[in-house]
Amino acid sequence: MKLVRKDIEKDNAGQVTLVPEEPEDMWHTYNLVQVGDSLRASTIRKVQTESSTGSVGSNRVRTTLTLCVEAIDFDSQACQLRVKGTNIQENEYVKMGAYHTIELEPNRQFTLAKKQWDSVVLERIEQACDPAWSADVAAVVMQEGLAHICLVTPSMTLTRAKVEVNIPRKRKGNCSQHDRALERFYEQVVQAIQRHINFDVVKCILVASPGFVREQFCDYMFQQAVKTDNKVLLENRSKFLQVHASSGHKYSLKEALCDPSVASRLSDTKAAGEVKALDDFYKMLQHEPDRAFYGLKQVEKANEAMAIDTLLISDELFRHQDVATRSRYVKLVDSVKENAGTVRIFSSLHVSGEQLSQLTGVAAILRFPVPELSDQEDDSSSEED
């Protein structure tokens, strides 16, 4: 993401002009734009024209509109963002108050204005514009006959390909059908890896599976690479890391990211940090339940006692339509930081973020036990949305 201009007043009102440069930047933009904001961007509008003879025709024109945002739609697989709203600035083609939908695209500038820029939104802009935040991890989560090729960026887990091949069972004295199907499956996975993984960017490719599937697949892949003189695979052989996972489904990626050997390789990535924080929370919940809480009311009470060491919070909570509720979460984040606590904002498109959402989307690891909160925990968590 490229920051072109930033004009924010002392009262936190103002506007920023940004240029999304990568598909992931569209996810950041989705988290920046909120209902009630004003968005100015170039768009295409179908307009009717009347010729001197009186005949009416229509053509598409490119124009720049400023909308008051009413609805936001994000397609996570295509990384496309559509913003619907009413026109609030005079335009030769579009009347004031007329509805329009702007489709924001990579490499096309837009200006976003807000009455109140909060700390969470401003921090996201800083992260999005920091070149160190890049998609540096890929993963192949597989079992016999099923594989998912994923890209793990700092903000989301993208499934780039799914490979499914029916593998017949081994029969006594005849394994040829099974072996042929397995070879066909491996070949399709290799092709998907080469098609969807950019080896110039990715630092590490996890190959995760139950049993010996990962070893057999990697042996096949590199044997074929030697035979076909595939220099890309051979030169990047050291980037492949084999780890255990319980299945070939996407949710098993969390197990792979928790593996200690993976954590050491990915120590500088946000994804690994999120997984470790969630893992620490579950361990604390099991062994010292007085130091692990979830649910907004419980976490707020723990914060009042200045007890929060690490706050875990899902980014989807900051997209809440109710301004007061959203401000409540922002206030919690700011307060934890003021009290020297660590705040980890989880992406709802990461497997770890999905898990946190099942725990109401907000949880905390405490510096010291707060036993009086434990008695209320069940009641509080049941009240949370």
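To keep things clear, this report deals only with the structure shown in the data block. (Residues numbered from 1 in each chain as written. Predicted model: local features only at pLDDT ≥ 70, side-chain atom pairs only at ≥ 80, totals over all residues. Heavy atoms only, no water.)

## Side note on the packing of aromatic side chains
Aromatic rings considered in pairs are described by the distance between their centres and by the relative angle of their planes. What the rule picks out here adds up to 9 aromatic pairs. Note on Phe-199 and Phe-240: the rings are 6.3 Å apart at their centroids and 45° apart in plane angle, and the pair reads as tilted. In this pair, Phe-199 is assigned in the loop between helix H3 (176–196) and strand E11 (204–209) and Phe-240 in strand E12 (residues 240–244), connecting sequence segments 41 residues apart. Among the aromatic residues, those joined into a ring-pair cluster are Phe-185, Tyr-186, Phe-217 and Tyr-220. The ring of Phe-222 carries the charged tip of Arg-237 above its face, separated from the ring centre by 4.3 Å. (Phe/Tyr/Trp six-rings, centres within 6.5 Å; stacked < 30°, edge-to-face > 60°. Helix = DSSP H or I, 4+ residues; strand = E, 2+ residues; numbered from the N terminus. Lys NZ or Arg CZ within 6 Å of the ring centre and 35° of its normal.)

## Description of the packing of helix H2 (residues 119–128) against helix H10 (residues 323–338)
Contact pair H2 / H10: the axes reach a minimum separation of 9 Å and the direction vectors enclose 75°. The angle between the axes of H2 and H10 places the two elements in the roughly perpendicular class. Judged by residue contacts, Ser-119, Val-120 and Glu-123 of H2 engage Val-330, Val-333, Asp-334 and Lys-337 from H10. Of the residues assigned to the contact of H2 with H10, the class counts are 3 nonpolar, 1 polar and 3 charged. (Axes fitted to C-alpha atoms, helices over the stretch in contact; angles between N-to-C directions. Parallel < 35°, antiparallel > 145°, perpendicular 65-115°, else oblique. Contact = heavy atoms within 4.5 Å. Nonpolar A, V, L, I, M, F, W, Y, C, P; charged D, E, K, R; others polar.)

## Quick look at the nonpolar core
Ranked by internal contacts, the top residues of the largest apolar core, which has 32 residues, are Met-142, Phe-185, Val-189, Ile-193 and Phe-217. Those elements that provide at least two residues to this core are strand E8 (137–143), strand E9 (146–152), strand E10 (157–164), H3, E11 and helix H4 (213–228). Per-element tally for this core: the top contributor is H3, with 8 residues. Beyond its immediate chain neighbours, meaning those up to four positions away, Phe-185 contacts Met-142, Gln-143, Glu-144, Gly-145, Leu-146, Ala-147, Val-163, Val-165 and Ile-167. By size, the runner-up hydrophobic cluster in this structure holds 31 residues, among which are Met-1, Val-16, Val-83 and Val-94. (Core = buried A, V, L, I, M, F, W, Y, C linked by side-chain atoms within 4.5 Å. Buried < 20%, exposed > 50% of the residue type's maximum accessible area, 1.4 Å probe, protein only.)

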